[in-house]
Amino acid sequence: MEQAGERCSPIDNITSSDLRGVLERSAQHYLHIKQNHGPSTEFFSCPDGEKIKVDGNCVLHAPLYRDDDSLKMLLLINPKKRDSVLAVYFNNKWWGVDDILQSCVPVQQSLKQVQTCGERIVLFVLNCLVCGFMESGDSENGVRFLPHSAGELAKIFWHRREAVAFYTYKNKGNLCDRSSQCYMLPVLDTIYVRKEWRRHGFGIAMLKDFCQTFSQEVALGISSPISPNMYHGNLCKQC
């Protein structure tokens, strides 16, 4: 049950069948916005009180998964700052990015394997919107992560029911992307901590979790290139 003053995500209990229907309605709304040439009567209220007019110049239809073009998320871009996503259209309503990253599920604490459709959407928001748009200026060389596949192996770090970080990995024997070759050892693929939650130990905790998950392996891999933070912070050595 939602507590007073507690923000809940609209995707806590969504199923795969729900998701397809929700995104189909989002696609219809996207077409309505793009084809409407008259004055817009739709607005999104930002947390600071500013109202953003929703029109064809500030919406983006982005794939949820790398390997499935049929499922797309409708995003609202800040018209004054094109590298900032303000909201996601879901269940016939615009939701702020921070709202998507909240959960009312009591067990959402610490690292949790991504399994549900809702968790897949949270992973998309963390990966493509927070890292890819909102905080990309702080990433090394402006690197932006691509959408993950629908079956990506990933864990989200939940802290006080808020998604603060994530990492993805490949199992030994998994096929490499667009190749007939397989991974010869478990590989840490991507890892990210939201800007406001850095220097709280989440990065180290995720690296340790990855190492402990494959503690029986003789060697583990890390995708290339490795960011300067991984080197300068000696994160890998602390595993």
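As a starting point, this report considers the structure included with it. Everything quoted here is computed from the prediction, not taken from an experiment. (Residues numbered from 1 in each chain as written. Predicted model: local features only at pLDDT ≥ 70, side-chain atom pairs only at ≥ 80, totals over all residues. Heavy atoms only, no water.)

## Side note on the packing of aromatic side chains
Stage number 1. Enumeration over the complete set of coordinates arrives at 8 aromatic pairs.
Stage number 2. For the pair Tyr169 and Phe214, a centre-to-centre distance of 5.9 Å together with 70 degrees between the ring planes defines the contact as edge-to-face. Linking Tyr169 in strand β9 (residues 162-170) with Phe214 in the loop between α4 (202-213) and β11 (221-222), this pair joins segments that are 45 residues apart in sequence. Grouping residues by exposure puts Tyr169 and Phe214 together as buried. (Phe/Tyr/Trp six-rings, centres within 6.5 Å; stacked < 30°, edge-to-face > 60°. Helix = DSSP H or I, 4+ residues; strand = E, 2+ residues; numbered from the N terminus. Buried < 20%, exposed > 50% of the residue type's maximum accessible area, 1.4 Å probe, protein only.)

## Quick look at the pattern of salt bridges
Stage number 1. Under the definition given, this model contains 9 salt bridges.
Stage number 2. Glu152 is the partner of Lys170 in a salt bridge, and the nearest nitrogen-oxygen pair spans 2.9 Å. In this pair, Lys170 sits in strand β9 while Glu152 sits in the loop between α3 (117-134) and β8 (153-159), placing the two residues 18 residues apart along the sequence. Across this residue pair, the class does not change: Lys170 and Glu152 are buried.
Stage number 3. Put simply, Glu162 and Arg194 hold a salt bridge, and the shortest N to O gap is 3.0 Å. Residue Glu162 is located in strand β9, and its partner Arg194 is located in the loop between β10 (187-193) and α4; the two are separated by 32 residues in the primary sequence. (Salt bridge = Lys/Arg side-chain N within 4 Å of Asp/Glu carboxyl O.)

## Description of the pairing of strand β5 (residues 85-89)
Stage number 1. In terms of burial, β5 is a largely internal element, 5 of the 5 residues being buried.
Stage number 2. Examined bridge by bridge, β5 and strand β6 (residues 94-96) share 3 bridges and lie antiparallel to one another. If you follow Tyr89 over to β6, its bridge partner there is Trp94.
Stage number 3. Linking β5 back to β6 in an antiparallel pair, the connection comprises 4 residues, with Asn91 at a positive phi of about 55 degrees. (Pairing = 2+ DSSP bridges.)

## Comments concerning the sheet that holds β8
Stage number 1. Sheet architecture is open: 5 strands sit in the order β7-β8-β9-β10-β11, paired in mixed fashion. One side of each edge strand has no neighbouring strand; the edge strands of this open sheet are β7 (110-113) and β11.
Stage number 2. Relative to β10, β9 runs antiparallel, the two being bridged by 6 bridges. Bridge pairing in β10 links Phe166 to Tyr192.
Stage number 3. Contacts from α4 reach β7, β8, β9, β10 and β11, with the element oriented near 160 degrees to β10. (Contact = heavy atoms within 4.5 Å. Axes fitted to C-alpha atoms, helices over the stretch in contact; angles between N-to-C directions.)

That's the geometry; what it means functionally is another story.
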